[in-house]
Amino acid sequence: MLAASREFQVMVKPIGAVCNLACQYCYYLEKKDLYPQARLFRLADDLLERYIIQHIEASPAKSILFSWHGGEPTILGLDYFRRIVELQGKHRPPGREIFNGIQTNGTLLDEAWFDFLGENAFFVGLSMDGPKELHDRFRTDRHAGPTHKSVLQSFRELQRRGIACDVLCVVHSQNVHRPAAVYRYFKEIGVKFLQFLPVVAPRGDGRLSEESVPAEAWGDFLSAVFDEWVRHDIDRIRIQNFDEATRPFLGKEQVLCVSRPTCGNVVVMEHNGDIYSCDHFVAAEHRLGNIRETHLAELMDSPALLEFGRNKRELLPDYCLRCEFLNLCNGGCPKDRLAKTPQGASGLNYLCPGLKKFFAHSRPYLQRLGWHARSGQPMEDYMRSIRSDDAAATPKAKASRNDPCPCGSGKKYKKCCMQNLNS
């Protein structure tokens, strides 16, 4: 059996960039232009089976994960995904497990879809950008109509059925300035798994799009959400960005490609079987090959992909290599290396000022969190200790009983840190 030498993930685009929405910050819709002769953007049945076989053969781990993305993959219809599960069952080797994840905007899900996702234990990634007024700012349908209502309905139903759901919040130029409103909205509706993805979208003239986040505002956003999470929600809500930031303080390697020293283990497969180095580098120069011609395992070990991954580390400017936060950031995603260092060298991550601000703010808490986690003590004790420190440091004259608590919880002072101070 031909297997890749390392674990990998394939973001499969079975319908390419086709989508029923027209989100203003979407970077993938234009990828249809790579295939000007294509009349049907759909992973053909024979190629689908070939891919499933090769993915199983290439996977070195006992558990095999398939990741279905778009565009909007649910446009293909439920029968298409029933066929996926059927083919996976047909080719699954004895003693191995197969899991599926699907990233969706949630607007096409109905009762039959919910039944299918639950029965087949799919992991669902649902895109939602916060409360209605912030979500609907850029996540609109093709007629510029709102989408929040249908997305929320889908989330509620996934939640009601106990289907694993990870909310992906795109942070853009509007919601980045309202971190408390965004985070508390997700807490209010009961989100348990959350990740924040900043918009950094260059335009043709070299400037960034109006939807892109200001770099320092990104750091302020993360810091504000972190302050509330670290005091109240560590054991209630998993936030991928903070999980990654915490790992070095637990003596663990980072998991996400954006924060690891090297990348290149998350590739993209387009509707015709073309494999590209990364979701953000779907371009002719980063095409690795096609699974009709070359086995997926060979493509995952190709010199071009390995070089792509190494370049993340090897092309870092000296400014980054000397940075005190290098082990936490590792230069970030190469797609965001659009800025110049103070010395004028290229290759600096555009988000660098914000990332530095966040890591400087969170590092003392993360160091303490790492020690606490290794000690095996309950996380509630850690959060309580931080709230007690806040209460002790709060001048009584500045916070009366019925004022909002200075810790940012959204509760009244008497119901929050004042209790810790008096206990």
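Please refer to the structure higher up on the page.
In this text, all values refer to a predicted model and were calculated from it rather than measured experimentally.

**Focus on the sheet that holds strand β8 (residues 266-269)**
Part 1 of the argument: Taken in spatial order, the ten strands of this open sheet run β7-β6-β5-β4-β3-β2-β1-β8-β9-β10, and their pairing is mixed. In this open sheet, the two strands that pair with only one neighbour each are β7 (238-239) and β10 (287-290).
Part 2 of the argument: Where strand β1 (residues 9-12) lies against strand β2 (residues 63-68), two bridges are found, and the strand directions are parallel. Residue M11 lies in a different strand from β2, and its bridge partner there is S67.
Part 3 of the argument: Contacting β5 (165-171), β6 (193-198) and β7, helix α6 (residues 179-189) runs over the sheet at an angle of about 155 degrees to β6.

**Some words on helix α5 (residues 148-161)**
Part 1 of the argument: Its 14 residues give α5 an end-to-end C-alpha distance of 20 Å, which sits within 8% of 20 Å, the value for a rise of 1.5 Å per residue.
Part 2 of the argument: All buried positions along α5 are accounted for by H148, V151, L152, S154, F155, E157 and L158.

**Points about the environment of N349**
Part 1 of the argument: Structurally, the position occupied by N349 is in the loop between β12 (346-348) and α13 (352-375).
Part 2 of the argument: N349 gets classed as buried once you look at its relative accessible area, which sits at 4%.
Part 3 of the argument: Along the sequence, N349 and G331 sit 18 residues apart, while their C-alpha atoms lie 6.4 Å from each other.

**Focus on the pairing of strand β3 (residues 97-104)**
On any regular strand, side chains alternate: one points to one face of the sheet, the next to the other face.
Part 1 of the argument: β3 sits mainly inside the fold: six of its eight residues count as buried.
Part 2 of the argument: As paired strands, β2 and β3 are joined by six bridges and run parallel to one another. Bridging across to β3, S63 finds its partner in E97.
Part 3 of the argument: As for the winding sense of the linkage, the β-α-β connection from β2 through helix α2 (residues 78-91) to β3 is right-handed.
Part 4 of the argument: Looking at chain direction, β3 and strand β4 (residues 123-127) are connected through four bridges and run parallel. The residue of β4 that forms the bridge with G101 is F123.
Part 5 of the argument: In the classification by handedness, the crossover that spans β3, the intervening helix α3 (residues 111-119) and the parallel β4 is right-handed.

**Some details on unusual backbone geometry**
Part 1 of the argument: In this structure, the amide linkage connecting G70 to the following residue, G71, adopts the cis form with an omega of 15 degrees.
Part 2 of the argument: Following the sequence through the fold, G71 ends up in the loop between β2 and α2.
Part 3 of the argument: Despite not being glycine, A121 shows a phi value in the positive range, around 50 degrees.
Part 4 of the argument: In this fold, A121 is placed in the loop between α3 and β4.
Part 5 of the argument: Taking the relative accessible area as the measure of exposure, A121 reaches 48% and is therefore partly exposed.
Part 6 of the argument: Although it is not a glycine, N330 adopts a positive phi angle of roughly 50 degrees.
Part 7 of the argument: Topologically, N330 is positioned in the loop between α12 (326-329) and β11 (339-340).

**Topic: the environment of N241**
Part 1 of the argument: One can find N241 in helix α8 (residues 240-246).
Part 2 of the argument: With 44 residues separating them along the chain, N241 and L197 place their C-alpha atoms 8.8 Å apart.

**What about the pattern of salt bridges?**
Part 1 of the argument: Applying the stated criterion across every chain, the model contains 32 salt bridges.
Part 2 of the argument: For the salt bridge of E49 with K90, the shortest nitrogen-to-oxygen distance reads 3.0 Å. Of this pair, E49 sits in helix α1 (residues 45-58) while K90 sits in helix α2, and the two are 41 residues apart along the sequence.
Part 3 of the argument: The class of E49 is buried, set by a relative accessible area of 18%.
Part 4 of the argument: Relative accessible area serves as the criterion here: at 57%, K90 is assigned to the exposed category.
Part 5 of the argument: Its salt-bridge partner being R83, residue E86 comes within 2.8 Å of it at the nearest N-O pair. With E86 and R83 both in helix α2, this residue pair falls three residues apart, about one helical turn.
Part 6 of the argument: Overlapping salt bridges, with partners in common, bring together D235, R236, E380, D381, R384 and R387 in one network.

**Quick look at the pairing of β6**
Part 1 of the argument: Pairing of β5 with β6, which is carried by five bridges, proceeds in the parallel orientation. Its bridge partner being in β6, C169 is matched across the sheet by F196.
Part 2 of the argument: Once the chain exits β5 it traverses α6 before rejoining the sheet at β6, and the crossover so formed is right-handed.

The rules behind these values
Residues numbered from 1 in each chain as written. Predicted model: local features only at pLDDT ≥ 70, side-chain atom pairs only at ≥ 80, totals over all residues. Heavy atoms only, no water. Pairing = 2+ DSSP bridges. Helix = DSSP H or I, 4+ residues; strand = E, 2+ residues; numbered from the N terminus. Contact = heavy atoms within 4.5 Å. Axes fitted to C-alpha atoms, helices over the stretch in contact; angles between N-to-C directions. Expected span 1.5 Å × (residues − 1). Buried < 20%, exposed > 50% of the residue type's maximum accessible area, 1.4 Å probe, protein only. Right-handed = clockwise from strand over helix to strand, strands pointing away. Salt bridge = Lys/Arg side-chain N within 4 Å of Asp/Glu carboxyl O.

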